[in-house]
There are 2 protein chains.
Amino acid sequence: MAVRVICAPDKLRGSLDAAEAAAALAAGVRAAGGRPVEHPLADGGEGSRGTVQEARGGTVLDVESVDAFGRPWRAKTGRLDDGTAIVEAAEAVGWGALAEGERDPMRASSAGLAAPLLAAAGDARRVVVFLGGTATMDGGTGLLAALGAEILDGEGRRLSGSGADLARVHSIDLAPARERLKGVELLVAADVVSPLYGPNGAARVFGPQKGADPDMVEVLDDGLRRLAPLLGVGSGRGDGADAAPGGGAAGGLGAALLALGARMKPGAVLIRELTRFDELLVDADLCLTAEGKVDASTDAGKTIRAVVDACAEAQVPCVVLGGTLTADAQRLYERGATAVLSVSPGPRDLDTALREAGSDLTATAYAVCRMMRRNRPGSG
Amino acid sequence: MAVRVICAPDKLRGSLDAAEAAAALAAGVRAAGGRPVEHPLADGGEGSRGTVQEARGGTVLDVESVDAFGRPWRAKTGRLDDGTAIVEAAEAVGWGALAEGERDPMRASSAGLAAPLLAAAGDARRVVVFLGGTATMDGGTGLLAALGAEILDGEGRRLSGSGADLARVHSIDLAPARERLKGVELLVAADVVSPLYGPNGAARVFGPQKGADPDMVEVLDDGLRRLAPLLGVGSGRGDGADAAPGGGAAGGLGAALLALGARMKPGAVLIRELTRFDELLVDADLCLTAEGKVDASTDAGKTIRAVVDACAEAQVPCVVLGGTLTADAQRLYERGATAVLSVSPGPRDLDTALREAGSDLTATAYAVCRMMRRNRPGSG
């Protein structure tokens, strides 16, 4: 009987999306006489809703909304057949709606997430929100205001929520927003563990890539500190060690959703659950997973770590392939990985490596399958 | 019981010698709980005598002789306990005796190989000569003359043999040289298949690295063509397709030894036999081999190919590791290799790769051993 091999990679950034990577692995498995099962994964950030629905099917609803700068935009709400609805923040207030280079974290707002979230909450018993990949840094104030929360400045004027508004927030009444989501189980998938503020917080870590210059980073971090106690996700003082991990995800959307009563899970863990990855392992002989760079963040809870954990629990051999392995990649052995290998055929430049990733994955998957198959009985 | 893993690499040029590479592989095997057997190999060129004696022991005799430019030099003759003697041309008329940059293929002579060869023939029933790595391009005329062969120019004057002499050779009487080696089985290990002359011949392929400028290459190729029919190793005409393969090894020493009645084998095959590599495979669970660059020449008969062939015959899984894999590396699968993998942890520059080769071999050997061990019963 042919060996059943689960091909469950994350994307290889700059090179292959997860589905392409899974197909490349599967080609190698097939060439070695194995029976591949393609199961692309994600870490809870951009592309996660699509990843889940590729595995689980369901329906997708287009929802009239606005982008991060308030312009009309169609967001999406996914529905699975078990009554779970899925919203991806990046599909609402992410970069996809914006022009190349359009970045303004002071003006950007998460308000556009409200419509798909309410559409999801309408008839679902559980709503999953994938964070990550947004153009916003408003601490989720745009979303909260759009859901009806009363956010006031020091003179009692309502704020609609944006990066710039943070400096003026004086009080927040969340009750109207909570009322609209009443009875819904909110589950939030964070792709990072950053708190709302501080040296590892949203503004300092993600502000620059969202267009914040050093001055803006200071202003935004101050604003997020001000917001934290109002949302009940941290004191707003110190280095953020007492603030909720993941509160800083998606420019602080994490904190706003926590304030609305959401439970938060690492994105990769939620993807593992939602795609029913563990069920695939029951009959599996081997699992191949891959990502572009296997490093310390991998071990800290990205997709590959979730796969390694699942395989260790199911006692299925798991081989991790990386475009690049750093020294930290070796830590995955302690988690139970069978082997950690690079797909690189030798020293060369990064551009070539990115271009050749597909055939390299195939060649390495082929080699691995032959090794796993060719073991002699009684040799271990 | 721990898995018994034969670690049988060639050198990784510019980085590790074969013994260092074997030790690096063994460290990975040990870390994975396996039982390594270090068995460094060679391709029949430089270092081959030492490689054989590391595996087989025996004695080494220092022999008074001369270097490629006629200066006093101690060459070596090895003796194994089964009566086989070993001479390595590179230890007699190679680069080790010369100053940095000292290259003169017109003047260099292989005469210095005569003394260690005669010392070997003295009491051995079989003499193995490893070619490769010499500073000479004299078609072996220096050796032949030193052994007593009568090499005459057009006016009946004796020539002592050198690159420059080739243009004047008119006749050769090999009988005195044959007489001195009478009763000895001569076995020659070539590390290349080049014929004595022609586009793939000694002068064109190896002349430049031995110091020949384009004009010298022409003169030397003409001289070697002239020599071929006198030695009975080719017509001297055409592209060398009718000349003996390997005749061009070691600046034509191959042809001279063939003319003395030697049998020629690929160096890697002879090393496989002399080091008794196949005996190691009887109880082996796995063989790891490695070289710097796995390419078309690997498949054409270098060390790794000999290892793959031996493992295929013995039905022992064989995993080939390379610093770099070219597309041709995949051909080793057709020869029966279980897997062909690079040890590179990702895209990077060659200098780093050469520097890190040891730890990369160890890490990859570790991963491979875990994969070979962790297979589930019944999964193949």
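What counts and what doesn't
Residues numbered from 1 in each chain as written. Chains lettered and ligands numbered in written order. Predicted model: local features only at pLDDT ≥ 70, side-chain atom pairs only at ≥ 80, totals over all residues. Heavy atoms only, no water. Helix = DSSP H or I, 4+ residues; strand = E, 2+ residues; numbered from the N terminus. Rg over C-alpha atoms; globule rule 2.2 N^0.38 Å. Buried < 20%, exposed > 50% of the residue type's maximum accessible area, 1.4 Å probe, protein only. Areas by Shrake-Rupley, 256 points an atom, 1.4 Å probe, with all protein chains shown as cover. Lys, Arg positive; Asp, Glu negative; His and termini not counted. Charge placed at Lys NZ, Arg CZ, Asp CG, Glu CD. Salt bridge = Lys/Arg side-chain N within 4 Å of Asp/Glu carboxyl O. Contact = heavy atoms within 4.5 Å. Buried area = accessible area lost by both parts, 1.4 Å probe. Polar contact = N/O pair within 3.5 Å; in protein donor to acceptor, adjacent residues only side chain to side chain. Least-squares fit on C-alpha atoms with pLDDT ≥ 70 in both. Pairing = 2+ DSSP bridges. Axes fitted to C-alpha atoms, helices over the stretch in contact; angles between N-to-C directions. Domains from an automatic or database assignment. Nonpolar A, V, L, I, M, F, W, Y, C, P; charged D, E, K, R; others polar. Expected span 1.5 Å × (residues − 1). Core = buried A, V, L, I, M, F, W, Y, C linked by side-chain atoms within 4.5 Å.

Notes on the overall build of chain A
Part 1 of the reasoning: Across its full length, chain A holds 15 helices and 13 strands.
Part 2 of the reasoning: In terms of C-alpha radius of gyration, chain A reaches 22 Å, essentially the compact-globule figure of 21 Å for 380 residues.
Part 3 of the reasoning: The C-alpha extent of chain A, read off along each of the three principal axes, is 75 × 45 × 35 Å.
Part 4 of the reasoning: The 380 residues of chain A split such that 58% are buried.
Part 5 of the reasoning: Looking at chain A as shown, the accessible area adds up to about 14100 Å², and 49% of this sits on carbon and sulfur atoms.
Part 6 of the reasoning: Charged side chains in chain A number 41 positive and 50 negative. The centres of these two groups are separated by 4 Å.

Points about the pattern of salt bridges
Part 1 of the reasoning: For the structure shown, the criterion picks out 53 salt bridges over all chains.
Part 2 of the reasoning: Here glutamate 313 of chain A and arginine 272 of chain A are joined by a salt bridge, their closest N and O atoms 2.9 Å apart. Taken together, the residues glutamate 313 of chain A in helix α13 (residues 303–314) and arginine 272 of chain A in helix α10 (residues 267–274) connect sequence positions 41 residues apart.
Part 3 of the reasoning: A relative accessible area of 14% means that arginine 272 of chain A is categorised as buried.
Part 4 of the reasoning: The closest approach of N and O atoms between aspartate 153 of chain B and arginine 157 of chain B, which form a salt bridge, is 3.0 Å.
Part 5 of the reasoning: Classification of aspartate 153 of chain B by relative accessible area gives buried; the value is 5%.
Part 6 of the reasoning: Accessibility expressed as a relative area gives 47% for arginine 157 of chain B, which makes it partly exposed.
Part 7 of the reasoning: Several salt bridges share partner residues, and in doing so they unite Arg204, Glu218, Asp221 and Arg225 of chain A into one network.

With respect to the interface of chain A and chain B
Part 1 of the reasoning: Each partner contributes to the interface: chain A provides 41 residues, whereas chain B provides 41 residues.
Part 2 of the reasoning: For the pair chain A and chain B, the summed buried surface comes to about 3200 Å²; carbon and sulfur atoms form 56% of the total.
Part 3 of the reasoning: For the interface between chain A and chain B, the tally reads zero salt bridges.
Part 4 of the reasoning: Viewed at the interface, chain B and chain A are joined by nine residue pairs in polar contact (both at pLDDT 80 or more).

Notes on the relation of the copies chain A and chain B
Part 1 of the reasoning: Relative to chain B, chain A is turned by 180° and slid 0.0 Å along the rotation axis, the superposed coordinates differing by an RMSD of 0.1 Å. The two molecules are tied by a two-fold rotation axis, judged by turn and shift.
Part 2 of the reasoning: Here 100% of the interface residues in chain A have copies in chain B that are interface residues too; the copies meet face to matching face.

A look at the sheet that holds strand β12 (residues 318–325) of chain B
Strand pairing in a sheet relies on backbone hydrogen bonds. The paired strands run either parallel or antiparallel.
Residues and elements named next belong to chain B.
Part 1 of the reasoning: Spatially, five strands are ordered β2-β1-β11-β12-β13 in an open sheet, and the strand pairing comes out parallel. Every interior strand has two partners, whereas the edge strands, β2 (35–38) and β13 (339–342), have only one. Adjacent strand axes in the sheet meet at a mean angle of 25° when their direction is disregarded.
Part 2 of the reasoning: Relative to β13, β12 runs parallel, the two being bridged by four bridges. Its bridge partner lying in β13, valine 320 is registered against valine 340.
Part 3 of the reasoning: On the sheet, helix α1 (residues 18–31) packs against β1 (4–7), β2, β11 (286–294) and β12 and is oriented at approximately 175° with respect to β2.
Part 4 of the reasoning: Sitting on the sheet, helix α15 (residues 350–373) touches β1, β11, β12 and β13, and the angle it makes with β11 is about 145°.

Thoughts on the domain arrangement of chain A
Residues and elements named next belong to chain A.
Part 1 of the reasoning: Segmentation of chain A into domains returns domain 1 (4–41 + 280–373) and domain 2 (48–268).
Part 2 of the reasoning: Computed from C-alpha coordinates alone, the two centres of domain 1 and domain 2 are separated by 32 Å.
Part 3 of the reasoning: Facing eight residues of domain 1, the contacting portion of domain 2 comprises five residues.
Part 4 of the reasoning: Summed over both partners, the interface of domain 1 with domain 2 comes to about 430 Å²; 59% of that surface belongs to carbon and sulfur atoms.
Part 5 of the reasoning: Linking domain 1 with domain 2 are zero salt bridges, by the criterion used here.
Part 6 of the reasoning: Between domain 1 and domain 2 we count zero residue pairs in polar contact (both at pLDDT 80 or more) in total.
Part 7 of the reasoning: When the residues that make up the side of domain 1 that touches domain 2 are grouped by side-chain class, the tally is four nonpolar, three polar and one charged.

Side note on the environment of glycine 238 of chain A
Residues and elements named next belong to chain A.
Part 1 of the reasoning: Turning to its location among the elements, glycine 238 is positioned in the loop between α8 (214–231) and α9 (249–259).
Part 2 of the reasoning: Sequence-wise, glycine 238 and glycine 198 are 40 residues apart; in three dimensions their C-alpha atoms are separated by 6.9 Å.
Part 3 of the reasoning: Ignoring sequence-local partners within four residues, the contact set of glycine 238 consists of Tyr197 and Arg225.

Re helix α13 (residues 303–314) of chain B
Residue and element names in this part refer to chain B.
Part 1 of the reasoning: Across its 12 residues, α13 extends 17 Å between first and last C-alpha, which sits within 8% of the 16 Å expected from 1.5 Å per residue.
Part 2 of the reasoning: Those residues of α13 that fall on the buried side of the exposure criterion are Thr303, Ile304, Arg305, Ala306, Val307, Val308, Ala310 and Cys311.
Part 3 of the reasoning: Residues of α13 that are buried make contact with α10 (267–274), α11 (277–281), β11, α12 (296–299), β12 and α14 (331–334).
Part 4 of the reasoning: Positioned one or two residues after α13, glutamine 315 has a phi angle of 55°, which is positive.

Side note on the side chain of threonine 364 of chain A
Part 1 of the reasoning: Tracing the chain through its elements places threonine 364 of chain A in helix α15 (residues 350–373).
Part 2 of the reasoning: The class of threonine 364 of chain A is buried, set by a relative accessible area of 6%.
Part 3 of the reasoning: Apart from the residues lying within four places of it in its own chain, the contact partners of threonine 364 of chain A are Leu321, Ser342 and Val343 of chain A together with Leu341 of chain B.

Comments concerning the pairing of strand β4 (residues 72–79) of chain B
Residue and element names in this part refer to chain B.
Part 1 of the reasoning: Bridge count for strand β3 (residues 59–66) against β4 is eight bridges, and the pairing is antiparallel. Residue pairing across strands places aspartate 62 opposite lysine 76, the latter belonging to β4.
Part 2 of the reasoning: Here β4 runs beside strand β5 (residues 84–88); their pairing, made up of two bridges, is antiparallel. Residue glycine 78 lies in a different strand from β5, and its bridge partner there is isoleucine 86.
Part 3 of the reasoning: Taking the residues that link successive antiparallel strands as the turn, the β4-β5 hairpin has four residues, and the phi of glycine 83 there is positive, at about 90°.

A closer look at the environment of valine 233 of chain B
Residue and element names in this part refer to chain B.
Part 1 of the reasoning: Here valine 233 shows up in the loop between α8 (214–231) and α9 (249–259).
Part 2 of the reasoning: By relative accessible area, which is 7% here, valine 233 ends up buried.
Part 3 of the reasoning: Distance from valine 233 to serine 65, taken between C-alpha atoms, is 28 Å for residues 168 residues apart in sequence.
Part 4 of the reasoning: If we ignore the near neighbours within four places in the chain, the residues touching valine 233 are Leu196, Ala228, Ala243, Ala244, Ala255 and Leu258.

Quick look at the nonpolar core
Part 1 of the reasoning: In terms of nonpolar packing, the biggest core is built from 124 residues, with Leu361, Val368 and Met371 of chain A together with Leu361 of chain B touching the most fellow members.
Part 2 of the reasoning: Beyond its immediate chain neighbours, meaning those up to four positions away, leucine 361 of chain B contacts Leu12, Leu16, Ala21, Ala24, Leu25, Ala290, Leu321 and Val343 of chain B.
Part 3 of the reasoning: With 64 residues, the next largest nonpolar core counts Val93, Ala97, Val188 and Leu196 of chain A among its residues.

A look at the sheet that holds strand β10 (residues 263–266) of chain B
All names here are of chain B.
Part 1 of the reasoning: Pairing in this open sheet of six strands is mixed, and the strands run β3-β4-β5-β6-β9-β10 from one edge to the other. Looking along the sheet, the strands with just one partner apiece sit at the ends: β3 and β10. Mean inter-strand twist for the sheet, computed between neighbouring axes without regard to direction, equals 25°.
Part 2 of the reasoning: Each of β3, β4, β5 and β6 (126–130) touches helix α2 (residues 48–56); the most contacted strand, β5, lies at about 145° to it.

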